[in-house]
Amino acid sequence: MGVAACALCGQQGESEDVPLTWATSIEGGRKLLFCDRCARENVRSIEGKMDSVHW
Ligand SMILES: [Zn+2]
């Protein structure tokens with residue numbers, strides 16, 4: 001396993017552990033990670049996806 005990397009900007013964490021400030025989103029069975037900055041910028045779309053589980 002490699003280090004945690006942001007799905008949007010590619011920023012990598014310092015270890016395999018996902019930093020607490022990062023956000024995770026499950027999409028299509030894959031776990032996507034968002035760094036604190038991207039999570040803040042995309043918090044609406046991430047939460048929106050969580051809300052619209054019924055496709
Ligand atoms: Zn990022």
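Our structure's up above, just so we're on the same page.
These figures come from a predicted structure and were not determined experimentally.

Trainee: Which residues make up the overall build of the protein chain, and what are the values?
Mentor: From N to C terminus, the protein chain includes two helices and two strands. The secondary structure elements of the protein chain, listed N-terminal to C-terminal, are β-β-α-α. For the protein chain, buried positions account for 22% of its 55 residues. Accessible surface, the protein chain as shown: approximately 4,500 Å² in total, 51% of it carbon and sulfur.

Trainee: Give me the lowdown on the coordination of the zinc ion, citing residues and values where you can.
Mentor: Bound to the zinc ion are the protein donor atoms Cys6 (SG), Cys9 (SG), Cys35 (SG) and Cys38 (SG), situated 2.3 Å from the metal. Taken together, the four donor atoms surrounding the zinc ion define angles of 104 to 117° at the centre, an arrangement classified as tetrahedral. Every donor residue of the zinc ion comes from the same chain, spaced as C-x2-C-x25-C-x2-C. Separated by 32 residues along the polypeptide, Cys6 in the segment before strand S1 (23-27) and Cys38 in helix H1 (residues 36-41) bring together distant segments of the chain. Residues Cys6 and Cys38 agree in their burial class; the two are buried.

Trainee: Kindly report on the pairing of strand S2 (residues 30-34), identifying the contributing residues and their values.
Mentor: Pairing analysis gives five bridges linking S1 to S2, with the strands arranged antiparallel. Considered in S2, the bridge of Ile26 is made with Lys31.

Rules of the game
- Residues numbered from 1 in each chain as written.
- Predicted model: local features only at pLDDT ≥ 70, side-chain atom pairs only at ≥ 80, totals over all residues.
- Heavy atoms only, no water.
- Helix = DSSP H or I, 4+ residues; strand = E, 2+ residues; numbered from the N terminus.
- Buried < 20%, exposed > 50% of the residue type's maximum accessible area, 1.4 Å probe, protein only.
- Areas by Shrake-Rupley, 256 points an atom, 1.4 Å probe, with all protein chains shown as cover.
- Donors = N, O, S within 2.8 Å, 3.2 Å for Na, K, Ca; no water.
- Tetrahedral: all angles 85-135°; square planar, octahedral: opposite > 155°, others 65-115°.
- Pairing = 2+ DSSP bridges.

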